[in-house]
Amino acid sequence: MRESIRLGTIAGIRVGLNVSVLVIVAILVFGLAFGRFPEVYPGHGVWAYLLAGTISAVLLLASLLAHELAHAVVARRNGIEVSGITLWLLGGVAQLRGEPRTAGADLRIAVIGPITSLAVGAVFAAAATLAAAADGPELIVATLAYLGGINAILAVFNMIPAAPLDGGRVLRAFLWWRRGDRTGAAVTAARAGRVFGLALIALGFVQFVVGAGFGGLWLALIGFFLVTAAGAEEQQTRVNAALKDVRVADVMTPDPFVADANTPVQDLVDNVVLTHRYSTYPLGADGRLAGLVTLNRVRATPPDQRRTLRLADIACPPDEVPTAHPDDPLPDLLPRMAGCTDGRAVVLDDEGHVIGLITPSDIARALQTSDLRGSRPWPS
């Protein structure tokens, strides 16, 4: 889930929003301001309900951010790099660059999120109780009570043992510890996620048919997301198993063409794009990686600007380019091969010089030949 709006950093972790989060904010504000609050607490003006609904939506997003920050902080303490957190339509995603090395680390990273949601919910519930005891404004009490209840519900829902929910991660950690087989445990958790997602879709459809309306559609949407995410997770698990013993150096394309970052885009088109079969162009400046340009980024540049724009102007910035050392395990690199590089990564030597590229076709060939390398077969 890509970031559309950068919010900043917290504890050194980049935080952003996907534009889809605006949809859930609008739904929450509308539902609370014109539904729940007027029904339960009548007698207030429209603007009071809108203000209470808006505050509730913003604080719920803050609660989701706290949940994901907890995952990210514990992941870093267990040796996993975190590239950022993105809030979106159905919650939040902490983007981890790697996988836990032990079942214990897997469990700690998974369970801290629901624990945080429960703690946040308890704080809001206590604040609501104190506000009510002090005869505070009832809309303030209502907002705090709503946030306490919804955080408790999120914690319980997330603990359902079905990937990609946190409970699925807990199930994976338990099975990994019990069986000693992380791959098999991850596949089991992902399949449980698919079954649970299909059940939600069916339940949502039934609710829609009998007149539940939007509630049924929302449930089906959540189920569809779970089915899709669980399927992707199972596929990623199988890929990691197939490439378990493969290093970056085993599959990279060595000695790639490195373009000067100050080269005009049109010069690259005339001298390289039209005369060679390259589709990925790492940029260099003063012997260091200065970005990465793909054929798609060249195509997206207006033809009338290609003589004035430099490659550095259209490149994916160097801090967003996935990089690896030749001896790094290939599965550790895969989760980072996304974003503006169109699935590419750059291989650097000990001095930071570009010595290779990893492209989707390199990954595909590695998968096709994994059995010939003696890699572990894909689980059934």
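This text goes with the structure placed above it.
Residues numbered from 1 in each chain as written. Predicted model: local features only at pLDDT ≥ 70, side-chain atom pairs only at ≥ 80, totals over all residues. Heavy atoms only, no water.

A. Quick look at the overall build of the protein. Check the secondary structure of the protein and you find 13 helices and 11 strands. C-alpha extents for the protein along the principal axes are approximately 75 × 55 × 40 Å. For the protein, the proportion of its 380 residues judged to be buried stands at 46%. Considering only contacts in the protein between residues 6 or more positions apart, those separated by 24 or more positions represent 63%. For the protein, the computed accessible surface area is about 18,800 Å², with 62% contributed by carbon and sulfur atoms. Mean positive and mean negative side-chain charge positions of the protein (31 and 32 charges, respectively) differ by 6 Å. (Helix = DSSP H or I, 4+ residues; strand = E, 2+ residues; numbered from the N terminus. Buried < 20%, exposed > 50% of the residue type's maximum accessible area, 1.4 Å probe, protein only. Contact = heavy atoms within 4.5 Å. Areas by Shrake-Rupley, 256 points an atom, 1.4 Å probe, with all protein chains shown as cover. Lys, Arg positive; Asp, Glu negative; His and termini not counted. Charge placed at Lys NZ, Arg CZ, Asp CG, Glu CD.)

B. The arrangement of the sheet that holds strand E7 (residues 280-285) in detail. Overall, mixed pairing links the 3 strands, which are arranged E6-E7-E8 in an open sheet. Strand pairing shows two members of the sheet lacking a second neighbour, strand E6 (259-260) and strand E8 (288-294), which therefore form its edges. In this sheet, E8 lies alongside E7 in antiparallel orientation, the contact comprising 6 bridges. Paired with Ala285 across the two strands is Arg288, which belongs to E8. (Pairing = 2+ DSSP bridges.)

C. Broad picture of the nonpolar core. By size, the foremost hydrophobic cluster in this structure holds 39 residues, and its most contacted members are Phe37, Ile85 and Leu87. Every element with two or more residues in this core is listed here: strand E2 (13-17), helix H1 (21-40), helix H2 (46-77), strand E3 (81-88), helix H3 (103-133) and helix H4 (138-158). In this structure, Ile85 is in contact with Ile13, Arg14, Val15, Gly16, Leu65, Glu68, Leu69, Ala72, Val93 and Ala94, ignoring residues within four places of it in sequence. Counting 16 residues, the second-largest nonpolar core is a separate cluster that includes Leu243, Val251, Leu333 and Ile363. (Core = buried A, V, L, I, M, F, W, Y, C linked by side-chain atoms within 4.5 Å.)

D. Looking closely at the packing of aromatic side chains. If you walk through the whole model with that rule in mind, you get 5 aromatic pairs. Seen from their ring centres, Phe157 and Phe196 are 6.1 Å apart, and the 50° between their planes marks the pair as tilted. With Phe157 in helix H4 and Phe196 in helix H6 (residues 182-209), this residue pair connects regions lying 39 residues apart in the sequence. Ring geometry for Phe174 versus Trp177: centroids 5.9 Å apart, planes at 45°, classification tilted. Taken together, the positions of Phe174 and Trp177, both in helix H5 (residues 166-179) and 3 residues apart, correspond to about one turn of that helix. For Phe174, a relative accessible area of 40% corresponds to the partly exposed category. (Phe/Tyr/Trp six-rings, centres within 6.5 Å; stacked < 30°, edge-to-face > 60°.)

E. The arrangement of the packing of H3 against H4 in detail. At a minimum axis distance of 7 Å, the contact between H3 and H4 shows a crossing angle of 160°. Taken as axis vectors, H3 and H4 run roughly antiparallel relative to one another. H4 is crossed by H3, and the crossing has left-handed handedness. On H4, the residues that touch Pro114, Ser117, Leu118, Val120, Gly121, Phe124, Ala125, Ala127, Ala128, Ala131 and Ala132 of H3 are Val141, Leu144, Ala145, Leu147, Gly148, Asn151, Ala152, Ala155 and Asn158. In terms of residue class, the contact of H3 with H4 is built from 15 nonpolar, 5 polar and no charged. (Axes fitted to C-alpha atoms, helices over the stretch in contact; angles between N-to-C directions. Parallel < 35°, antiparallel > 145°, perpendicular 65-115°, else oblique. Left-handed = near helix turned anticlockwise from the far one by under 90°. Nonpolar A, V, L, I, M, F, W, Y, C, P; charged D, E, K, R; others polar.)

F. Local environment of the packing of H2 against H4. Interhelical geometry of H2 versus H4 gives an angle of 35° and a closest axis separation of 10 Å. Along this stretch, H2 crosses H4, giving a crossing that reads as right-handed. Between H2 and H4, the contacting residues are Ala48, Tyr49, Ala52, Ile55, Ser56, Leu59, Leu60, Ser63, Leu64 and His67 on the first element and Leu139, Thr143, Tyr146, Leu147, Ile150, Asn151, Leu154 and Asn158 on the second.

G. Highlighting the state of the cysteines. A full pass over the atoms with the stated rule returns 1 disulfide. The partner cysteine of Cys316 in its disulfide is Cys340, sulfur to sulfur 1.7 Å. Here Cys340 lies in the loop between helix H12 (330-333) and strand E10 (345-348) and Cys316 lies in the loop between helix H11 (311-314) and strand E9 (323-324), a separation of 24 residues in the sequence. (Disulfide = S-S within 2.5 Å.)

H. Representation of the pattern of salt bridges. All chains considered together, the criterion is met by 11 salt bridges. In this structure, Arg182 engages Glu99 in a salt bridge whose closest nitrogen and oxygen atoms are separated by 2.7 Å. Of this pair, Arg182 sits in helix H6 while Glu99 sits in the loop between strand E4 (91-97) and H3, and the two are 83 residues apart along the sequence. Looking at Arg182, the relative accessible area reads 18%, which means it is buried. Judged by its relative accessible area of 30%, Glu99 falls in the partly exposed class. (Salt bridge = Lys/Arg side-chain N within 4 Å of Asp/Glu carboxyl O.)

I. Up close: the side chain of Thr237. Looking at where Thr237 falls in the secondary structure, it is placed in helix H7 (residues 214-242). Contact partners of Thr237, with chain neighbours within four places excluded, come to Thr183, Ala186 and Val187.

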